[in-house]
Amino acid sequence: GRFGGEEFIVILTDSNAEQAFETAEKIRMALADETIVKDNYTVQVTTSIGVATYQTHHGENALLLLDDADSAMYEAKKQGRNRTVAVE
């Protein structure tokens, strides 16, 4: 679902960190394969994705998990955009 202006969130249940990263990469690559044409302008779509999985230090505070994913997304942008970064 949409989470902020240009941010979206995907919640994967029953997925480990590796599976979540693989899913994020599939989404990123599918978007990169899309071309949008509007009024004779062509736009290539890219995305920066942050992946976080639930950790015990999150406790019952879901916002901590979202903060981790957000930090990873900004790290992806910092590293050059159009990539997926997972929280270590």
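What you see is a predicted model, and the numbers here were worked out from it, not measured in a lab.

Attention now moves to a nonpolar patch on the surface. A cluster of nonpolar residues, Val10, Leu12, Ile27 and Leu31, forms a patch on the protein surface that exposes about 310 Å² of accessible area. Relative to the helices and strands, Ile27 is located in helix 1 (residues 17-32).

For the rest of this paragraph, the subject is helix 1. Relative to the 22 Å expected for 16 residues at 1.5 Å per residue, helix 1 spans 22 Å between its end C-alpha atoms, a close match to the ideal helical length. Looking only at helix 1, the buried set comprises Ala20, Ala24, Glu25 and Arg28. Projected down its long axis, helix 1 shows its buried positions confined to an angular sector of 135°, all on one face. Opposite the buried face of helix 1, at more than 90 degrees from it, the exposed residues are Glu18 and Lys26. Against the buried residues of helix 1 lie strand 3 (49-51) and strand 4 (84-86). Its side-chain oxygen at 3.1 Å from the backbone nitrogen of Glu18, Asn16 defines the N-terminal cap of helix 1.

Once that is clear, we can look at the environment of Gly1. Relative to the helices and strands, Gly1 resides in the segment before helix 1. For the pair formed by Gly1 and Ile11, sequence separation is 10 residues and the distance between their alpha carbons is 8.9 Å.

Notably, Asp39 is not glycine yet its phi reads approximately 50°, a positive angle. Along the polypeptide, Asp39 turns up in the loop between strand 1 (35-38) and strand 2 (41-44). Positive phi outside glycine occurs at Asn40, with the angle close to 70°. Tracing the backbone through its elements, the reader meets Asn40 in the loop between strand 1 and strand 2.

Next up on the list: the confidence of the model for the protein chain. Scored by pLDDT, the protein chain has a mean of 92; 100% of the residues are at 70 or more. Across the protein chain, element-level confidence peaks in strand 4 with a mean pLDDT of 97 and bottoms out in strand 1 with 92.

Our focus in this paragraph is the pattern of salt bridges. Tallied over the entire structure, the rule returns 2 salt bridges. As a salt-bridge pair, Glu25 and Arg28 come within 2.8 Å of each other at their nearest N and O atoms. A residue pair is termed a helical-turn pair when its members lie 3 or 4 positions apart in one helix, as Glu25 and Arg28 do in helix 1 at 3 residues. Among the salt bridges present, the one from Lys38 reaches Asp39, with a minimum N-O distance of 3.9 Å. Like Asp39, Lys38 is exposed.

So, on to the side chain of Ser48. As for its position among the elements, Ser48 is in the loop between strand 2 and strand 3. Here the side chain of Ser48 touches Asn82 through a polar contact of 3.3 Å, landing on its backbone nitrogen. Apart from the residues within four sequence positions on either side, Ser48 is in contact with Met73, Ala76, Lys77, Arg81, Asn82 and Arg83.

Conventions and cut-offs
- Residues numbered from 1 in each chain as written.
- Predicted model: local features only at pLDDT ≥ 70, side-chain atom pairs only at ≥ 80, totals over all residues.
- Heavy atoms only, no water.
- Patch = residues over 30% accessible without salt bridge, like charges linked within 9 Å, V, L, I, M, F, W, Y side chains within 5 Å.
- Areas by Shrake-Rupley, 256 points an atom, 1.4 Å probe, with all protein chains shown as cover.
- Salt bridge = Lys/Arg side-chain N within 4 Å of Asp/Glu carboxyl O.
- Helix = DSSP H or I, 4+ residues; strand = E, 2+ residues; numbered from the N terminus.
- Expected span 1.5 Å × (residues − 1).
- Buried < 20%, exposed > 50% of the residue type's maximum accessible area, 1.4 Å probe, protein only.
- Arc of directions from axis to C-beta.
- Contact = heavy atoms within 4.5 Å.
- Polar contact = N/O pair within 3.5 Å; in protein donor to acceptor, adjacent residues only side chain to side chain.
- pLDDT = per-residue confidence, 0-100.

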